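Chain residues, written in single-letter form:
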Amino acid sequence: MSMRMRASALTALTVAALTAGTVLTAPAAGAATKAAAPTFLSASQLPPHPTSAWTAGPVTEGFPEALGFCVSTEGVLDYDYRHREFRTDLDTSAVQLTVVTGTAAQAKALAKHYDDLIRTCAERIEQNSPDVEAEGRDYGTLPVEEGARVRGLHTETSWGATDIALLSVGRDDRTVTVVSWGQMGDFGNAPVAAFKKTTSTAVNKLY
């Protein structure tokens, strides 16, 4: 994953993402009423790393490549995309995306679209990359603002590369946020409880 996945695994996941192809009807970003920009997570609000502190990059306009293996803009018209990437000194990284839509109904549809892409990501990876085995897990919903859901994704290549990611989608009114965390490892290495706390913080912190 751009989540510092090994290059070969990243290629497989990116190819899988390009096949998502789900069309979501929505107006262009220019049609949305301009509002205050959403607030992002800080480095200290990421799941704690046992040996390395998190570093936060700048808030940047546009859609992050770090989400391209499962979530993309494929089939979605332009919205106000902003993101922030995080990393440790070791093989762990994260990214938060915020998307401001025109209405709460559009945000609800977009959040479902992104969650569907994450839910089906493992299946798409295996269909498009025979040398990669993938498994997704549903860690349930969170009672924060208009709601959030947390999922996990584990991939293992035929040459032994194994990576674990946690991904969540949450919504506050007409704004959607996606948070992704990843490193080498498997489900046993996933800080699910801490990531749920991070997700709740991300949604609550939007406005």
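Residues numbered from 1 in each chain as written. Predicted model: local features only at pLDDT ≥ 70, side-chain atom pairs only at ≥ 80, totals over all residues. Heavy atoms only, no water.

## Here we look at the overall build of the protein chain
When helices and strands are counted, the protein chain shows four helices and eight strands. Walking the protein chain from its N terminus toward its C terminus, one meets helices and strands in the order α-β-β-β-β-α-α-β-β-β-β-α. Taking all 207 residues of the protein chain together, 51% fall into the buried category. When the accessible area of the protein chain is evaluated, it comes to approximately 8,900 Å², of which 52% is carbon and sulfur surface. (Helix = DSSP H or I, 4+ residues; strand = E, 2+ residues; numbered from the N terminus. Buried < 20%, exposed > 50% of the residue type's maximum accessible area, 1.4 Å probe, protein only. Areas by Shrake-Rupley, 256 points an atom, 1.4 Å probe, with all protein chains shown as cover.)

## Let's talk about the confidence of the model for the protein chain
Averaged over every residue, the pLDDT of the protein chain is 87; residues scoring 70 or more account for 83%. Here residues 1-33 is modelled with pLDDT under 50, and outside its nearest four sequence neighbours on either side it reaches 84 contacts, counting other chains as well. (pLDDT = per-residue confidence, 0-100. Contact = heavy atoms within 4.5 Å.)

## Description of the pattern of salt bridges
One pass over the full model with this rule turns up nine salt bridges. A salt bridge links Arg149 to Asp115; its shortest N-O distance comes to 3.8 Å. Remark: Asp115 occurs in helix H2 (residues 104-119) and Arg149 occurs in strand S6 (residues 148-157); sequence separation between them is 34 residues. Judged by its relative accessible area of 12%, Asp115 falls in the buried class. A salt bridge links Asp138 to Arg151; the shortest N-O distance between them is 3.7 Å. With Asp138 in strand S5 (residues 132-142) and Arg151 in strand S6, the pair connects residues that are 13 residues apart, well separated along the chain. We classify Asp138 as partly exposed; its relative accessible area is 44%. (Salt bridge = Lys/Arg side-chain N within 4 Å of Asp/Glu carboxyl O.)

## Overview of the packing of aromatic side chains
By the definition in use, this model includes one aromatic pair. Considering the side-chain rings of Phe63 and Tyr81, the 5.6 Å spacing of their centres and the 85 degrees angle between planes classify their relative orientation as edge-to-face. Placement of Phe63 in the loop between strand S2 (60-61) and strand S3 (80-87) and of Tyr81 in strand S3 is noted, with a sequence separation of 18 residues between them. (Phe/Tyr/Trp six-rings, centres within 6.5 Å; stacked < 30°, edge-to-face > 60°.)

## Quick word on helix H3 (residues 121-128)
Those residues of H3 that fall on the buried side of the exposure criterion are Cys121, Ala122, Arg124 and Ile125. The buried residues of H3 occupy one face: seen down the axis, they fall within an arc of 165 degrees. (Arc of directions from axis to C-beta.)

## Here's the deal with the side chain of Thr198
Looking at where Thr198 falls in the secondary structure, it is placed in helix H4 (residues 192-205). The contacts of Thr198, once residues within four sequence positions are left out, are Leu41, Gln45, Leu46, Pro47 and Val179.

## Quick word on the environment of Thr98
Tracing the backbone shows Thr98 in strand S4 (residues 92-100). When its relative accessible area of 0% is taken as the criterion, Thr98 is described as buried. Setting aside anything within four residues of it in sequence, one finds Thr98 in contact with Pro38, Phe40, Asp80, Tyr81, Arg82, Val176, Thr177 and Leu206.

## Notes on the nonpolar core
One finds Val99, Tyr114, Leu153 and Val176 to be the most contacted residues of the largest nonpolar core, which totals 28 residues. Broken down by secondary-structure element, the contributors of at least two residues to this core are S4, H2, H3, S5, strand S7 (162-172) and strand S8 (175-184). Ignoring any residue separated from it by four or fewer positions in sequence, one finds Val99 in contact with Tyr79, Asp80, Tyr81, Leu110, Tyr114, Arg174, Thr175 and Val176. With 21 residues, the next largest nonpolar core counts Leu142, Trp181, Phe195 and Val203 among its residues. (Core = buried A, V, L, I, M, F, W, Y, C linked by side-chain atoms within 4.5 Å.)

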